[in-house]
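Here's the letter readout for the chains.
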Amino acid sequence: MNIAVFISGGGSNLKALIDAKEIGYFDSEIKIVVSNKDAPGLSHAKEAGIPYLISKDDDEIINALENLNIDLIVLAGYLLKISPKLLEKFTIINIHPSLLPKYGGKGYYGIHVHEAVFENKEKVSGVTVHFVNENLDDGAIIAQREVDISKLSSAQEIADEVLKLEHQILKEVIKNLEEEYARTNISHR
């Protein structure tokens, strides 16, 4: 599969995918990284020699992705809502730092998720990878993994534990999707 990774921040999930590809964990190629701003995580794309695009313009993004025959968009810390135009043309997955449907939707991103989890004295948190639809954090769940957070004492500690899971589960989902794609050659559009 040809993959586009969308980021808005530090890009640690992008880096985890680049590292997984380099050791042959999956066969898919990260063809482009797209960001809505000059995000620090673009440095991972630059270091790996992966082209990148900074844009909020749907037509410009779609044109770039179509020219690269993108099969899958991976939202890895991308903070803009995906437009109907992109949803119509591409299969899109997202990684979210909670056990959806808990702590999903508007306002629940990054450390805000972990602060809410901590404030509500949850004993377990985790990560969800799901298909993207027109509603925030609402698409069909592909995979979830949980972690015991009962002994953690801050939102940042929860964030650190969940991030470790994110780096693991995202590459596993890519590997599974590419195996399914190779078997069926049918996308989830």
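Everything here concerns the structure above.
The following refers to the structure shown. (Residues numbered from 1 in each chain as written. Predicted model: local features only at pLDDT ≥ 70, side-chain atom pairs only at ≥ 80, totals over all residues. Heavy atoms only, no water.)

1. Regarding the nonpolar core
V5, V74 and I93 are the most contacted members of the largest nonpolar core, which has 38 residues in total. Excluding anything up to four places from it in sequence, V5 contacts L14, L17, I30, I32, V33, V34, V74 and A76. One finds V34, I73, I82 and I92 within the second-largest nonpolar core, a separate group that totals 19 residues. (Core = buried A, V, L, I, M, F, W, Y, C linked by side-chain atoms within 4.5 Å. Buried < 20%, exposed > 50% of the residue type's maximum accessible area, 1.4 Å probe, protein only. Contact = heavy atoms within 4.5 Å.)

2. With respect to the pattern of salt bridges
Evaluated as defined, the whole model comprises 8 salt bridges. Across the pair D19 and K15 runs a salt bridge whose closest N-O atoms are separated by 2.7 Å. You can see D19 and its partner K15 sitting in helix α1 (residues 12–22), 4 residues apart, about one turn around the helix. You can call D19 partly exposed: its relative accessible area is 31%. Judged by relative accessible area, which is 31%, K15 ranks as partly exposed. (Salt bridge = Lys/Arg side-chain N within 4 Å of Asp/Glu carboxyl O. Helix = DSSP H or I, 4+ residues; strand = E, 2+ residues; numbered from the N terminus.)

3. A closer look at the side chain of N13
Inspection of the secondary structure assignment puts N13 in helix α1. Beyond its immediate sequence surroundings of up to four residues, N13 is in contact with A76, I95, L163, E166, H167 and L170.

4. Quick notes on the pairing of strand β4 (residues 72–75)
Going residue by residue along β4, you find L72 and V74 tucked away on one face and I73 and L75 tucked away on the opposite face as well. Bridge count for strand β1 (residues 2–7) against β4 is 4 bridges, and the pairing is parallel. Across the sheet, residue A4 finds its bridge partner in β4, namely I73. As defined by bridge partners, β4 adjoins strand β5 (residues 91–96) across 4 bridges and the pair is classed as parallel. Among the inter-strand pairings, L75 is bridged to a residue of β5, identified as N94. With respect to chirality, the unit in which β4 leads through helix α4 (residues 84–89) into the neighbouring parallel β5 is right-handed. (Pairing = 2+ DSSP bridges. Right-handed = clockwise from strand over helix to strand, strands pointing away.)

5. What to know about helix α6 (residues 155–184)
Relative to the 44 Å expected for 30 residues at 1.5 Å per residue, α6 spans 41 Å between its end C-alpha atoms, a close match to the ideal helical length. Just beyond α6, the residue with positive phi is N185, at close to 50°. (Expected span 1.5 Å × (residues − 1).)

6. Observations concerning the sheet that holds strand β3 (residues 52–54)
Ordered by their spatial adjacency, 7 strands build an open sheet running β3-β2-β1-β4-β5-β6-β7, and the pairing between neighbours is mixed. The open sheet has two edge strands with one neighbour each: β3 and β7 (141–148). Neighbouring strand axes in the sheet, compared pairwise and without regard to direction, differ in orientation by 20° on average. (Axes fitted to C-alpha atoms, helices over the stretch in contact; angles between N-to-C directions.)

7. A short note on the packing of aromatic side chains
In total, this model carries 2 aromatic pairs according to the counting rule given. Plain terms: the ring middles of F6 and Y78 are 5.1 Å apart, the flat faces sit at 75° to each other, and that makes the pair edge-to-face. Here F6 is found in strand β1, whereas its partner Y78 is found in the loop between β4 and α4, with 72 residues between them in sequence. Residue classification places F6 among the buried residues on the basis of a relative accessible area of 0%. The exposure class assigned to Y78 is buried, which follows from its relative accessible area of 10%. Judged by centre distance (5.9 Å) and plane angle (75°), the rings of Y103 and Y108 are edge-to-face. One cation-aromatic arrangement involves K171 over Y25; the distance from NZ or CZ to the ring centre is 4.8 Å. K175 extends its terminal NZ or CZ atom over the ring of Y25, reaching a point 5.4 Å from the ring centre. (Phe/Tyr/Trp six-rings, centres within 6.5 Å; stacked < 30°, edge-to-face > 60°. Lys NZ or Arg CZ within 6 Å of the ring centre and 35° of its normal.)

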